[in-house]
Amino acid sequence: MTTETHSTTEHGMSNAGYVRIAAILAAITALEVSTYYIDLGALFLPSLLIMMAVKFVIVVSYFMHLKYDNKLFSWVFYAGLILALIVYGIFLATFHFFS
Amino acid sequence: MAIIERPASTNEVATVATPSSSLGALKRPVATTGWKSWLFTVDHKKLGIMYSATALFFFIVGGLEAVLIRLQLAAPNGKVLNADLYNQMFTMHATTMVFLFVMPMAAGLANYFIPLQIGARDVAFPRINAFSFWALLFGGIFLNMSWFLGGAADGGWFMYAPNSGPIFSPSHGIDFWILGLQLAGIASLAGAVNLITTVLNMRAPGMKLMRMPIFTWMQLVVQFLLLFAVPVITVALFLLSFQRNFGATFFDVSAGADPLLWQHLFWIFGHPEVYILILPSFGIISEVLPVFSRKPLFGYPFVVFSGAAIGFVGWGVWAHHMFASGLGPVSVAVFSISTMAIAVPTGVKIVNWTMTIWGGKLQFTAAMKFAVGLIVLFTIGGLSGVTHSVAPSDTQQTDTYYIVAHFHYVLFGGAVFGLFSGFYYWWPKVFGKLLNEKLGTWNFWMMVIGMNMTFGPMHILGLQGQPRRMYQWTEARAGEGFFNLGFWNTFASVGSLVLSTGILLFLINVVITTRSGKVAPLDPWDARSLEWMTSNPPKEHNFDSIPTVSHLDEFFHRKYQEDASGQMVKVKTAEQVMQELEDNADAHIHMPSPSYWPIVLAAGLPVIAFGVIYSIPIAIFGGVIVLFGAYGWAIEPSTAPDDDFDPPATTKDVVHVG
Amino acid sequence: MTSDSHADGGAHSSTGLSNNKLGMWLFLGSECLLFGGLISTYMLYRGRVGAGPRPSQVFDIPFTSVSSFVLLMSSLTMVLAVSAAHKGDDRNTYLWITVTALLGATFVGGQVYEFTAFYNEGMGFTTSLFSSSFFVLTGFHGVHVTVGIIMLMSIVGIMKRSKVPGSKAETVEMIGLYWHFVDIIWIIIFTLIYLIPA
Ligand code: HEM
Ligand SMILES: [Cu+2]
């Protein structure tokens, strides 16, 4: 094999594509910050959490190439992430954090 | 690189590196013999031996600590240790046994045997491997230096608040404990990344996941557990460090903190940790039982999947260590049920082992004896485990000797017996000589008797209400007749001496074998897996040519084939199988080259740790060492360039490893 | 297993994937549990302010929004560096790496400024459980960013002297993965710690 084996990652996206992704991220961030100034009532918490998750997934999928890379990478990373969410979720629940 | 010993018949298979320079900094080490060849090695086999030797040393240290504990409790009003020393003793005993004996021993065996079992020539990151070892060794030494610098840690191995606070533990012991464990944690984490990558990426052609030897499988599960559990204790240890050294109050109730925070973090790590301790041994006996029963492992996929299931469910039971801490009824009920559930995959394994032996042509070698010993003793420990999964009953048992009995049956009867089984099984592979079987038998029986004498009575002591971690007992409250605490305490203490004698017999066996042991034949046990398909000890590059794997138990299937009547009959000797590999030997193999940087980088870590305790400038100096090591590392290729090798080889026929 | 394969861990692995990359992703999976623990600790203690200030009294949302934005954009420049490295375009690789490091430094500078401001407002490390857990969490993140900056600057230096063992592009990609990870952790911190009031 030659040195340039990582053709998959290059298929990922063009530089213009990256800039578009960054623009989307910036826009979401602007929305996030705006929740600080606008009263969204009951929507406040869920909307922030959703925006956070969307940003997270976008960076991981596009900037970190997980979307284009081998599934094994996604598997090991999301295994850690989901385990953390579940374990620490239960942990906080035992402190009645959510009630 | 070493000139590799090889049968005179084969072509040249490896070459010596004579680097001209190592990129401006230091010249690469080239020693192939003597202490330098060990200090700067990146060879997974040497490192495996170094890990195991370190572990064995700490086993002796931890064992002496245990004997002191039992001497103190042998008679009423014990005077061997004072209360303070007693606390240090049980804390350091447990810490040493868990973190400095069982874990490194399992890591040593993993290091040595995973690459061999999957048909690789080294691990994925040889230098990280060396770094892990040094970090562990320095961490272990650092931890034990506290004995001489004002006293060791004394808060128990789970270091609950408030005992971990400066009021109850003013010495530096706990600081040494925290930082020593951080170093060991770094080692485990780096090791986990390394070994998982190795298992996934370095398998020989045809070595599908479901063809991997079971020891490798169990280690894979263990490494994933380490990968995800170590960072949790890292967080806990950092918080405690900040509390003890920088004035934070994370576990200080008077400052409004919740001491259960520590307990949760510790046991989120701690329960996966108990599987980190036991699964390697499960893997070992799953190799040993089939070999000495002359049958394949019964239900290989079940053993694999139950191992993975244990690894998975093991994350959801941690709070069973906290039933008595006022978690609230819902939490207690949930964790009680999940704990009962985890006994199921464990039971599956016991069934599989039993079915493996069932109807086999059994050969009771020492390795086999220890393996069967594990099945029996671990089952006892597993059953007492189930009794404390029932929360109401656990509230009676917790913090008594009943718990001590439980975890010693699973840990000593389970993990340690498994490791001993592995010692006897793999010794000829590593050192080319067979451990004495007769001494092995004595070793085994002394350990079985000693272990049951020591830990068996603790069930009674515990149920009678003798608390853990109590430094003296008095005749006045010892009770009557069969349940007399005094009698059983003395009995257990005598047992601990029997047990120690058993272990001593092993050490004697090692010395005798090294001096005058029988040289092992190529395939002494008629084994089944790839690590036996190479010389004893293996050549530096493990295999002359990488085997192509087409079966589970590949080596067995190369030796045996089905005849017309469906019987497996031997068609080739091990020597013939080996010869086939040699005939196709790779002409030039360039192994990863020795390096100074792993040990340099690791040496910076204890310096930082000292600095955290005594003075920040020292820590900064340690940081500089780490940075220096990291730079040297970054600019040095893992394998020296081809023209640094002697004789120079044309790139065409060179095989690069790592 | 032939020719110049040793530069490239992936060339002959059983999965066809690079060792380095797999190792990095495993490490990042592990880091999820590290930051998870720190974030959970903060969550548990964020309301326990004792006599010290409450989060909403000290946080300066406009300021932190700007520095968050800076870090987010550094992910863009990082990905541009990786893409240039894959094309073998050294000039742009150096350029974008340098910009990334500068943006990262701006973020860390902002953090230092913010910490000083908090301290002046009476929120020291030991003031309350809230302050301790806040500083530990954001401090850990800051250290991660700093390590990233050091790696970025070093790799430029090392590459200019053309001494990177193995594939340059892969090395840059590796640092990139780390850098983005640090960014996504901040995405979480920004929302959970700053925007959602205790
Ligand atoms: C059948 C499976 C098992 C069950 C149901 C089980 C259950 C339990 C429970 C509920 C406790 C807490 C008791 C208390 O402190 O009140 C405990 C303690 C313990 N278990 Fe197990 N266990 C099992 C297997 C294991 C294994 C495989 C190991 C290690 C190899 C192990 C090692 C320990 C240790 C070290 C402790 C004591 C921790 C301490 O307090 O210092 N257990 N077990
Ligand atoms: Cu447990």
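Student: So what exactly am I meant to see when it comes to the packing of helix α4 (residues 90-120) of chain C against helix α5 (residues 129-160) of chain C here?
Tutor: Two packed helices can be described by the angle between their axes and the distance between those axes. All names here are of chain C. It is at 9 Å that the axes of α4 and α5 come closest, and there the two elements cross at 155°. Considered as vectors, α4 and α5 are oriented roughly antiparallel to each other. The chirality of how α4 crosses α5 is left-handed. In the contact of α4 with α5, the residues fall into 17 nonpolar, nine polar and one charged.

Student: I'm lost on the coordination of the iron atom of ligand 1 in this one. Help?
Tutor: Octahedral six-donor coordination of a metal ideally yields angles of 90 or 180 degrees, compared with 109.5 degrees for tetrahedral four-donor coordination. Residue and element names in this part refer to chain B. Inspection of the coordination sphere of the iron atom of ligand 1 shows a single protein donor, H406 (NE2), at 2.2 Å. Here the iron atom of ligand 1 and the copper ion (ligand 2) are spaced 4.6 Å apart. In this fold, H406 is placed in helix α12 (residues 401-431).

Student: Looking at this model, I keep getting lost on the interface of chain A and chain B. Mind explaining?
Tutor: Where the parts come together, the accessible area they lose is often given as the size of the interface. On the chain B side, the residues contacting the 12 residues of chain A number 15 residues. Of the roughly 1100 Å² buried between chain A and chain B, counting both surfaces, carbon and sulfur atoms make up 85%. When the residues that make up the side of chain A that touches chain B are grouped by side-chain class, the tally is 10 nonpolar, two polar and no charged.

Student: Honestly, the site of ligand 1 in this entry has me stumped. Any pointers?
Tutor: Residues and elements named next belong to chain B. Near ligand 1 lie 21 residues; those nearest to it are W157, D394, T398, H406 and R468. Contacts to ligand 1 include W157, whose side-chain N or O atom sits 2.7 Å from an oxygen atom. In this structure, an oxygen atom belonging to ligand 1 sits 2.7 Å away from a side-chain N or O atom of D394. Those elements that provide at least two residues to the shell around ligand 1 are α7 (260-293), α10 (366-389) and α12. Its residues placed into classes, the shell around ligand 1 shows 11 nonpolar, eight polar and two charged.

Student: Quick question: what am I supposed to make of the coordination of the copper ion (ligand 2) here?
Tutor: Around the copper ion (ligand 2), the protein contributes the donor atoms B:H271 (ND1), B:H320 (NE2) and B:H321 (NE2), at 1.9 to 2.0 Å from the metal centre. Mapped onto the polypeptide sequence, the residues donating to the copper ion (ligand 2) form the spacing pattern H-x48-H-H.

Student: Is there a simple way to explain the interface of chain C and chain A in this structure?
Tutor: With 48 residues of chain C in contact, the opposing surface of chain A contributes 46 residues. Contact between chain C and chain A buries roughly 4400 Å² in total, counting both sides, with carbon and sulfur atoms accounting for 78%. Contact with chain A buries surface across chain C, with C:W25, C:H86 and C:I184 losing the most and accounting together for 15% of the total. If you look at where chain C meets chain A, you find one salt bridge.

Student: What exactly am I supposed to notice about the nonpolar core here?
Tutor: Nonpolar side chains in soluble globular proteins tend to be buried together. The biggest cluster of nonpolar side chains holds 303 residues, and the ones touching the most others in it are A:F77, B:W262, B:L279, B:Y425, C:F59 and C:F134. Viewed by domain, this core spans two of them, domain 1 (2-68) and domain 2 (69-99) of chain A, each represented by three or more residues. Among all residues touching B:L279, those that are not within four sequence positions of it are B:M218, B:V221, B:V222, B:L225, B:G307 and B:I310.

Student: Is there a simple way to think about the pattern of salt bridges in this case?
Tutor: A side chain with one charge can pair with a side chain of the opposite charge if their charged atoms come near. Under the counting rule described, the total for this entry stands at 17 salt bridges over all chains. Among the salt bridges present, the one from B:D586 reaches B:R121, with a minimum N-O distance of 2.8 Å. Note that B:D586 is positioned in the loop between α16 (574-583) and β6 (588-590) and B:R121 in the loop between α3 (83-117) and α4 (126-145), a separation of 465 residues in sequence. Here C:K168 makes a salt bridge to C:D90, at a shortest N to O gap of 3.3 Å. In this pair, C:K168 sits in helix α6 (residues 168-195) while C:D90 sits in helix α4, placing the two residues 78 residues apart along the sequence. By relative accessible area, C:D90 is classed as partly exposed at 29%. Through salt bridges with shared partners, one network takes in B:R294, B:D523, B:D526, B:K559 and B:K570.

Student: Where do I start with the confidence of the model for chain A in this structure?
Tutor: Keep in mind that low pLDDT regions are not for reading the predicted coordinates in detail. All names here are of chain A. On average, residues of chain A score 86 in pLDDT, and 88% of them reach the 70 mark or higher. No element of chain A has a lower mean pLDDT than helix α1 (residues 7-11), which averages 46, and none a higher one than helix α4 (residues 71-94), which averages 95. Predicted confidence for residues 1-10 stays below pLDDT 50, and this span has 21 contacts to residues more than four positions away or in other chains.

Student: In this structure, what is going on with α6(C)? I would like to understand it.
Tutor: What sets the pattern is the α-helix's 3.6 residues per turn: residues three or four places apart point alike. All names here are of chain C. In this model α6 runs 39 Å from its N-terminal to its C-terminal C-alpha over 28 residues, within 8% of the 40 Å that 1.5 Å per residue would give. Taken as a whole, α6 carries its principal kink of about 25° at I189. Across the 28 residues of α6, 26 count as buried, placing the element largely inside the fold.

Parameters and conventions
Residues numbered from 1 in each chain as written. Chains lettered and ligands numbered in written order. Predicted model: local features only at pLDDT ≥ 70, side-chain atom pairs only at ≥ 80, totals over all residues. Heavy atoms only, no water. Axes fitted to C-alpha atoms, helices over the stretch in contact; angles between N-to-C directions. Helix = DSSP H or I, 4+ residues; strand = E, 2+ residues; numbered from the N terminus. Parallel < 35°, antiparallel > 145°, perpendicular 65-115°, else oblique. Left-handed = near helix turned anticlockwise from the far one by under 90°. Nonpolar A, V, L, I, M, F, W, Y, C, P; charged D, E, K, R; others polar. Donors = N, O, S within 2.8 Å, 3.2 Å for Na, K, Ca; no water. Contact = heavy atoms within 4.5 Å. Buried area = accessible area lost by both parts, 1.4 Å probe. Near = heavy atom within 4 Å. Polar contact = N/O pair within 3.5 Å; in protein donor to acceptor, adjacent residues only side chain to side chain. Salt bridge = Lys/Arg side-chain N within 4 Å of Asp/Glu carboxyl O. Core = buried A, V, L, I, M, F, W, Y, C linked by side-chain atoms within 4.5 Å. Buried < 20%, exposed > 50% of the residue type's maximum accessible area, 1.4 Å probe, protein only. Domains from an automatic or database assignment. pLDDT = per-residue confidence, 0-100. Expected span 1.5 Å × (residues − 1). Bend = angle between axes of the 7 residues up to and from the residue.

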